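Chain residues, written in single-letter form:
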Amino acid sequence: MNLTLGDIAERFHLECRGDTDTAVNGIASLQEADSDQLSFLFNASYKHLLETTEAAAVVLRPEDATACKRPVLLANNPRRAQVAIAALFDTLPMPLPVIHPSAVISDNAEIGQRVAIGAGAVIERGARIEAGAIIGAGCQIGEASVLGAGSRLFPNVVLYHDVWIGAGGIIHSGAVLGADGFGFELDLDSGDIVKIPQVYGVRIGKHVEIGAGTTIDRGALNHTIIGDNCKLDNQVQIGHGTVIGKQTLISGCTAIAGSTKIGSHCLIGGASGIIDNIKIVDHVEITAMTLVSQSILKKGRYSSGTGLMSAKNWKRSIVGFSKLDEILKRLRRLETDKKSSTGS
Amino acid sequence: MNLTLGDIAERFHLECRGDTDTAVNGIASLQEADSDQLSFLFNASYKHLLETTEAAAVVLRPEDATACKRPVLLANNPRRAQVAIAALFDTLPMPLPVIHPSAVISDNAEIGQRVAIGAGAVIERGARIEAGAIIGAGCQIGEASVLGAGSRLFPNVVLYHDVWIGAGGIIHSGAVLGADGFGFELDLDSGDIVKIPQVYGVRIGKHVEIGAGTTIDRGALNHTIIGDNCKLDNQVQIGHGTVIGKQTLISGCTAIAGSTKIGSHCLIGGASGIIDNIKIVDHVEITAMTLVSQSILKKGRYSSGTGLMSAKNWKRSIVGFSKLDEILKRLRRLETDKKSSTGS
Amino acid sequence: MNLTLGDIAERFHLECRGDTDTAVNGIASLQEADSDQLSFLFNASYKHLLETTEAAAVVLRPEDATACKRPVLLANNPRRAQVAIAALFDTLPMPLPVIHPSAVISDNAEIGQRVAIGAGAVIERGARIEAGAIIGAGCQIGEASVLGAGSRLFPNVVLYHDVWIGAGGIIHSGAVLGADGFGFELDLDSGDIVKIPQVYGVRIGKHVEIGAGTTIDRGALNHTIIGDNCKLDNQVQIGHGTVIGKQTLISGCTAIAGSTKIGSHCLIGGASGIIDNIKIVDHVEITAMTLVSQSILKKGRYSSGTGLMSAKNWKRSIVGFSKLDEILKRLRRLETDKKSSTGS
């Protein structure tokens, strides 16, 4: 795709300072941009890179423009400008609305208009694929599941039975929605482990994106629910019956146990763990690798764990950690002695 | 499925108090049950919900019955009652024992009676599929692997070669059993990394359930072994040559390294990490997100990590954590000074 | 495969002490080896096992030979000997270089010499499969992706578009390379979450092994890059635009966020977390389950977290942890009082 800086300025109504005939054939970071690539300054703290960048031009805030020797496009929100401009160079393939002959589709499935279905995909009876949906090769759609209008499943996604995905959803490869929740009962008489039937399904709202390898279990006594506009990164695990509000973002490898309620507009850091049967209110932020072992009823930012240390010093600190109860006692004793000795 | 409370009481020999003609079309939690859904009180601490529930009826312990305004079914173990009653409303599809024409099955594979094989499944030579097994669409069964009688693989499960699964197993989608263990040797002469052949397989006992996206590696010097009745949640990782006893439950996203021995009847919390080459005895419980960095030779409950805090206070605590060795020293100094000053 | 000890000694130029006619039909650990299996002593601290092992023979260092009652093969590096000898007993199937009729291959894909493609695999247009590559059943190769010479994809691997894998790569089942990075922008005007196009791809070096269920995202402003000879275990997550040097080993379930730079020859322990936009230099070792929340600019060994404790004592310690800031203050007060009281 060959464009000039002027084309882009015009298309997105951005003020251009510099040669509008400059050729632009892609985007890149300030450090790595070639002389035909457009770059971006998102954060003033990287301003020094403007001096060395070889980018064809830089998209930046008006107040940062003077610091740049290269041509610039002025944008009040360079990140939003990236969203728009990057789309021009996106090579993401858009399949034609055709059904591959090797796909296996039940006669009792409902396939909407302009649906694309890839090679070897399987669609079971009672499933409904709404208009404009795209189903990648090797996907498995279980009985009575629903894929909303314009949603896209990348290859090798599995939906079990009774899994509904709202309009505009994006599900990445290897994701598994609707597997049985981890529900077992120990029979105290026989000592056996008995499986609890997971009779409910999964309900995903509109415009939800779900990352590669993420797993969302079906429920036992209620549906597992993910609200509109939620974004889940790769390898996230959502337990059975858990309910998540709207527009909550969950970073990669976070494990969320069952029957937990998480509010809207939360930001959950990567590799975190959230136990079962707790409640987290709206607008809660969890930092990376935090264990949430109790309900969070007040919005704010929460953490657990310890900081990074050299292994040598860390070994000493974990000894101290194991003595913290003793440390508090000894401290108290010293304080009492002092009091009594000074007679205060 | 339309039933009355009387039907259910009779079928499961539960005493019914209230109108036996009450229609029951499903089950649900006390908070969410509609007037035609049966609910359950598992734990007396939720007794207050009995006042507000709209459930058609509630299954509960005799001693809790008086607190309930709705019709009740008396059960000494409501969870066991759920297991039985929920099955009536389970919509889990049971495929007919047919082999889909698009499945690719080696002439040298052994297929038992009443086996169901889904579309596009591949079964390599020397594999044995025992009677009544169900293989979902897109599953891959490697050479000389064995799927026990009545076992079920959900779609897109991968078994490498020489992976044996006992009778009554349930393996969820995206699980991968028998991939190479993480075994490499640094050649000190050349400085190269050399791959150690992983020549052993995987042996899974009877009635084992394995969650979606869980990975169990094959062994280098012995089989990786999972004992009878073990239940593994989603996205669990089991390293090469690790051996796990009977009826141990492992929650989601737990990472277990190689050559470790874990006993029977253990409960391992979610997102935990267990290092390689250690031993954990029977009846050990590990709380969520714990790092097990040494052998556990005494049964009991173990933990690591820190509690949840506001990010602001947490930042202060991790500073203190890094000074714990110093704190102990300063404490000792104060105590010695006191001793000498008081001459004691 | 029936061999004698003499055959093996001769083949690998190892000195044999004992009956060269001893039959060897496999390898096993010292504890589990049968009388026809060869075993290994890698570490002198396991020397005591030499007394009880029933192995046909033991491969060990010359200095350990006298301690062994069984026949021995002398090797200065028994682990290297294992690499060579184990290969004799490896049952890993090597598919013939044939293309299964059910594979779906674009006319515009380039397929090299002696390539094996399994049942139901899909290869999109513009993809290039180099000589001797092996593609397992159910694999998905996206547009313009490249699989290097002699590389092997095990069944059900997914490569999105523009994902390049160097020569000699090994990718295990369920791995997903090239899914969209987790890039979203909150539109402060509308309050909506906007997806940032992930227009770059993934570049994997030569001789890289990637474990089952591992996910490596594509980049937004630069390619995600994994250097030559890197080895990634199962269920590792690599965020968008992250760059990793040569011969770095990453153990299972480690989560690495986006735009982070990791050096060469690093060892990253299992279940660790590394945040985004930081830098880690060469020769850094991270112990298991460590959170790397800042750049590491000095080579060495690093850790975070706490040690394993009984849950009872741990509960006391986490109380102390939450008071660490207060503990430091109280300690300081005692020290100041002492100073003033002693007039020093």
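Residues numbered from 1 in each chain as written. Chains lettered and ligands numbered in written order. Predicted model: local features only at pLDDT ≥ 70, side-chain atom pairs only at ≥ 80, totals over all residues. Heavy atoms only, no water.

> Got a minute to help me understand the overall build of chain A in this structure?
When its secondary structure is counted, chain A shows 5 helices and 39 strands. With respect to the three principal axes, the spread of C-alpha positions in chain A is 85 × 65 × 35 Å. A buried classification covers 59% of the 344 residues belonging to chain A. Relative to all contacts within chain A whose residues are 6 or more apart in sequence, the contacts with residues 24 or more apart total 17%. Carbon together with sulfur atoms contributes 52% to the accessible area of chain A, which is approximately 13,500 Å² in total. Treating the 33 positive side-chain charges of chain A as one cloud and the 35 negative ones as another, the clouds have centres 10 Å apart. (Helix = DSSP H or I, 4+ residues; strand = E, 2+ residues; numbered from the N terminus. Buried < 20%, exposed > 50% of the residue type's maximum accessible area, 1.4 Å probe, protein only. Contact = heavy atoms within 4.5 Å. Areas by Shrake-Rupley, 256 points an atom, 1.4 Å probe, with all protein chains shown as cover. Lys, Arg positive; Asp, Glu negative; His and termini not counted. Charge placed at Lys NZ, Arg CZ, Asp CG, Glu CD.)

> I would appreciate a short explanation of the sheet that holds strand S15 (residues 146-147) of chain C in the present structure.
Reading across from one edge, S9-S12-S15-S18-S23-S26-S29-S32-S35 (chain C) is the order of the 9 strands in this open sheet, with parallel pairing throughout. Every other strand in the sheet has two partners, leaving strand S9 (110-111) and strand S35 (279-280) of chain C as the edge strands with one partner each. (Pairing = 2+ DSSP bridges.)

> What should I look at first to understand the pattern of salt bridges in this one?
Pairing between side chains of opposite charge can happen when their charged atoms approach one another. Following the criterion strictly, the structure yields 45 salt bridges over all chains and no others. Glu209(B) is the partner of Lys195(A) in a salt bridge, and the nearest nitrogen-oxygen pair spans 2.9 Å. Of this pair, Lys195(A) sits in strand S22 (residues 193-195) while Glu209(B) is found in strand S24 (residues 209-210), placing the two residues in two different chains. The class of Glu209(B) is buried, set by a relative accessible area of 5%. Salt-bridge contacts for Arg125(C) lead to Glu143(C); the nearest nitrogen and oxygen are separated by 3.4 Å. Of this pair, Arg125(C) sits in the loop between strand S11 (122-123) and strand S12 (128-129) while Glu143(C) sits in the loop between strand S14 (140-141) and S15, and the two are 18 residues apart along the sequence. Overlapping salt bridges bring together Asp180(A), Lys195(A) and Glu209(B) as one network. (Salt bridge = Lys/Arg side-chain N within 4 Å of Asp/Glu carboxyl O.)

> Where do I start with the interface of chain B and chain C in this structure?
Put simply, an interface is often sized by how much accessible area is lost when its parts join up. Listed by partner, the interface residues are 69 residues for chain B and 66 residues for chain C. The contact between chain B and chain C buries some 5,600 Å² in all, and 66% of this surface belongs to carbon and sulfur atoms. Scanning the region where chain B abuts chain C turns up 5 salt bridges. Ionic pairing is found between Lys338(C) and Asp337(B), a salt bridge with its closest N-O pair at 3.6 Å. Linking chain B with chain C are 22 residue pairs in polar contact (both at pLDDT 80 or more). If you list the elements that add at least two residues to the side of chain B that touches chain C, you get strand S21 (184-186), strand S22 (193-195), strand S37 (291-292), strand S38 (300-303), helix H3 (311-322) and helix H4 (324-342) of chain B. Among the residues forming the side of chain B that touches chain C, the class breakdown is 34 nonpolar, 23 polar and 12 charged. Across 2 bridges, S38(B) lies against strand S39 (residues 309-310) of chain C in antiparallel orientation. Across the sheet, Tyr302(B) pairs through a bridge with Ser310(C), a residue of S39(C). (Buried area = accessible area lost by both parts, 1.4 Å probe. Polar contact = N/O pair within 3.5 Å; in protein donor to acceptor, adjacent residues only side chain to side chain. Nonpolar A, V, L, I, M, F, W, Y, C, P; charged D, E, K, R; others polar.)

> Explain the interface of chain A and chain C here, please?
At the interface, 66 residues of chain A touch 69 residues of chain C. Both sides together, the interface formed by chain A and chain C hides about 5,700 Å², and carbon and sulfur atoms give 65% of it. Of all residues in chain A, Met289(A), Leu308(A) and Phe321(A) bury the most surface against chain C, accounting for 13% of the area lost on that side. Between chain A and chain C we count 5 salt bridges in total. Between Arg80(A) and Asp187(C) there is a salt bridge, and its shortest N-O distance comes to 2.3 Å. Put simply, the parts of the chain that give the side of chain A that touches chain C at least two residues each are strand S5 (37-40), helix H3 (78-88), strand S27 (231-232), strand S30 (249-250), strand S39 (309-310), helix H4 (311-322) and helix H5 (324-342) of chain A. For the side of chain A that touches chain C, the element with the most residues is H5(A), which contributes 9 residues. The residue makeup of the side of chain A that touches chain C, split by class, is 34 nonpolar, 20 polar and 12 charged.

> Got a minute to help me understand the relation of the copies chain B and chain C in this structure?
Mapping between the two chain copies consists of a rotation about an axis together with a translation along that axis. Expressed as a screw transformation, the operator carrying chain B onto chain C has a rotation angle of 120° and an axial translation of 0.0 Å, and the superposed copies differ by an RMSD of 0.0 Å. Here the copies are linked by what is in effect a three-fold axis. Across chain B, the rotation axis passes nearest the C-alpha of Gly305(B), at a separation of 3.2 Å. (Least-squares fit on C-alpha atoms with pLDDT ≥ 70 in both.)

> What exactly am I supposed to notice about the domain arrangement of chain A here?
The domain boundaries assigned to chain A delineate domain 1 (3-89), domain 2 (104-302) and domain 3 (311-342). Domain 2 of chain A and domain 3 of chain A are separated by 46 Å when their C-alpha centres are compared. (Domains from an automatic or database assignment.)

> How should the environment of Asn234(B) be read in this particular structure?
Here Asn234(B) is to be found in the loop between strand S27 (231-232) and strand S28 (237-238). A sequence separation of 60 residues divides Asn234(B) from Gly174(B), and the C-alpha atoms of the two residues are 9.5 Å apart. Dropping the residues within four chain positions of it, Asn234(B) is found in contact with Thr215(A), Asp217(A), Gln237(A), Gly211(B), Ala212(B), Thr214(B), Gly252(B) and Cys253(B).

> How should I be thinking about the packing of aromatic side chains in this particular structure?
Any aromatic ring pair is given by two values, namely how distant the centres are and how the planes are angled relative to each other. Following the criterion strictly, the structure yields 12 aromatic pairs over all chains and no others. Measuring from ring centre to ring centre gives 6.2 Å for Phe321(A) and Phe321(C), while their planes differ by 65°; the resulting arrangement is edge-to-face. Here Phe321(A) is found in helix H4, whereas its partner Phe321(C) is found in helix H4 (residues 311-322) on a different chain. Looking at Phe321(A), the relative accessible area reads 0%, which means it is buried. Counting every residue linked through ring pairs, the aromatic cluster contains Phe321(A), Phe321(B) and Phe321(C). Here the basic side chain of Arg79(A) rests over the ring of Phe42(A), its NZ or CZ set 3.7 Å away from the ring centre. (Phe/Tyr/Trp six-rings, centres within 6.5 Å; stacked < 30°, edge-to-face > 60°. Lys NZ or Arg CZ within 6 Å of the ring centre and 35° of its normal.)

> Looking at this structure, how should I read the pairing of strand S38 (residues 300-303) of chain A?
Each regular strand shows side chains that alternate between the opposite faces of the sheet. Bridge count between strand S36 (residues 284-286) of chain A and S38(A): 3 bridges; the pairing is parallel. Bridged to Glu285(A) within S38(A) is Arg301(A).

> Help me understand the side chain of Ser303(B) in this model?
The residue Ser303(B) is located in strand S38 in this model. Assessed through its relative accessible area of 0%, Ser303(B) is described here as buried. A polar contact is formed between the side chain of Ser303(B) and the side chain of Thr287(B), at a distance of 2.8 Å. When near neighbours in sequence (up to four residues on either side) are disregarded, Ser303(B) contacts Thr287(B), Thr290(B), Gly307(C), Leu308(C), Met309(C), Ala311(C) and Trp314(C).

> Please explain H3(B) as it appears in this structure.
Residues spaced three or four apart along an α-helix face the same direction, because each turn holds 3.6 residues. Residues and elements named next belong to chain B. With 12 residues, H3 should reach 16 Å at 1.5 Å per residue; the first-to-last C-alpha distance of 17 Å fits that figure. If you check which residues of H3 are buried, you get Ala311, Trp314, Ser317, Ile318, Gly320 and Phe321. The buried residues of H3 occupy an angular sector of 165° when the element is viewed end-on, so they sit on one face. (Expected span 1.5 Å × (residues − 1). Arc of directions from axis to C-beta.)

> Explain the packing of H4(A) against H4(B) to me, please; I cannot follow it from the model alone.
At their nearest, the axes of H4(A) and H4(B) sit 7 Å apart, and the two run at 60° to each other. Considered as vectors, H4(A) and H4(B) are oriented oblique to each other. Residue-level inspection shows Arg316(A), Ser317(A), Gly320(A) and Phe321(A) of H4(A) in contact with H4(B), the latter providing Leu324(B), Asp325(B) and Leu328(B). Looking at side-chain class alone, the contact of H4(A) with H4(B) contains 3 nonpolar, 2 polar and 2 charged residues. (Axes fitted to C-alpha atoms, helices over the stretch in contact; angles between N-to-C directions. Parallel < 35°, antiparallel > 145°, perpendicular 65-115°, else oblique.)

> I tried to follow the sheet that holds strand S13 (residues 134-135) of chain A on my own but got confused; where do I start?
By way of backbone hydrogen bonds, the strands of a sheet pair with one another, either parallel or antiparallel. Strand order in this open sheet of 11 strands is S10(A)-S13(A)-S16(A)-S19(A)-S24(A)-S27(A)-S30(A)-S33(A)-S36(A)-S38(A)-S39(B), and the pairing throughout is mixed. Edge positions in the sheet fall to strand S10 (116-117) of chain A together with strand S39 (309-310) of chain B, since each of these pairs with one other strand and no more. Across 2 bridges, the pairing between strand S24 (residues 209-210) of chain A and S27(A) is parallel. The residue bridging Glu209(A) from the neighbouring strand is Lys231(A), located in S27(A).

> What should I look at first to understand the side chain of Gln37(A) in this one?
As for its position among the elements, Gln37(A) is in strand S5. With residues up to four places along the chain from it excluded, the contact list for Gln37(A) reads Gly26(A), Ile27(A), Ala28(A), Glu32(A), Ala55(A), Ala56(A), Ala57(A) and Tyr200(C).

> Sorry, what's going on with the packing of H5(A) against helix H5 (residues 324-341) of chain C here?
Two quantities define a packed helix pair, namely the angle between the axes and the distance from one axis to the other. Remark: H5(A) packs on H5(C), axes separated minimally by 11 Å, with the N-to-C direction vectors making an angle of 35°. You can see that H5(A) and H5(C) cross each other, and the crossing is left-handed. In this structure, H5(A) uses Leu324(A), Ile327(A), Leu328(A), Leu331(A), Arg332(A), Leu334(A), Glu335(A) and Lys338(A) to contact H5(C), whose residues at the interface are Leu324(C), Ile327(C), Arg330(C), Leu331(C), Leu334(C) and Asp337(C). Residue composition of the contact of H5(A) with H5(C), by class: 9 nonpolar, no polar and 5 charged. (Left-handed = near helix turned anticlockwise from the far one by under 90°.)

> Would you mind showing me how to read unusual backbone geometry here?
In most cases, non-glycine residues show a negative phi, while peptide bonds are predominantly trans. Residue and element names in this part refer to chain C. Its identity as a non-glycine residue notwithstanding, Asp162 has a phi of 55°, on the positive side. Here Asp162 is to be found in the loop between strand S17 (158-159) and strand S18 (163-165). For Ala271, which is not glycine, the phi dihedral falls at a positive 55°. Take Ala271: it is sitting in the loop between strand S33 (267-268) and strand S34 (273-274).

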